[in-house]
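Geometric and topological summary
Below are the chains, spelled out letter by letter.
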Amino acid sequence: MPVTDPVKSEIVRKRLLDKKICRKCGATNPPKAVKCRKCKSRNLRLKKKFGGKKG
Ligand SMILES: [Zn+2]
């Protein structure tokens, strides 16, 4: 799915960062997920860009 619109690609970029990664198995989960959809672990972390500021 090619995205040529810069505004849309920006939204897509932000959405990609808004995910949770399982620390146990590395699966990507929706940002609202409490448990990993793969291994059911609650050890999830938010995928963030470059560290940076907190909050
Ligand atoms: Zn997992």
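That block above? That's the structure.
Predicted, not measured: the structure shown is a model, and the values here were computed from it.

Overview of the overall build of the protein
A count of helical and extended segments in the protein gives one helix and three strands. Seen in sequence order, the protein has helices and strands lined up from the N terminus as α-β-β-β. Taken over 55 residues, the protein has a buried fraction of 7%. Taking as baseline every contact in the protein between residues at least 6 positions apart, the subset at least 24 positions apart corresponds to 20%.

Some details on unusual backbone geometry
Not every positive phi belongs to a glycine, and Lys 40 is a case in point at roughly 65 degrees. Within the secondary structure, Lys 40 is located in the loop between β2 (28-29) and β3 (44-46).

Observations regarding the sheet that holds β3
Strand order in this open sheet of three strands is β2-β1-β3, and the pairing throughout is antiparallel. The two strands at the open ends of the sheet, each matched to only one other strand, are β2 and β3. Judged from the two bridges that link them, strand β1 (residues 20-22) and β2 form a sheet pairing that is antiparallel. Across the sheet, the residue bridging to Lys 20 is Asn 29, located in β2.

Basis of the calculations
Residues numbered from 1 in each chain as written. Predicted model: local features only at pLDDT ≥ 70, side-chain atom pairs only at ≥ 80, totals over all residues. Helix = DSSP H or I, 4+ residues; strand = E, 2+ residues; numbered from the N terminus. Buried ≥ 20, exposed ≤ 12 C-beta atoms within 10 Å, placed from the backbone. Contact = placed C-beta atoms within 7 Å. Pairing = 2+ DSSP bridges.

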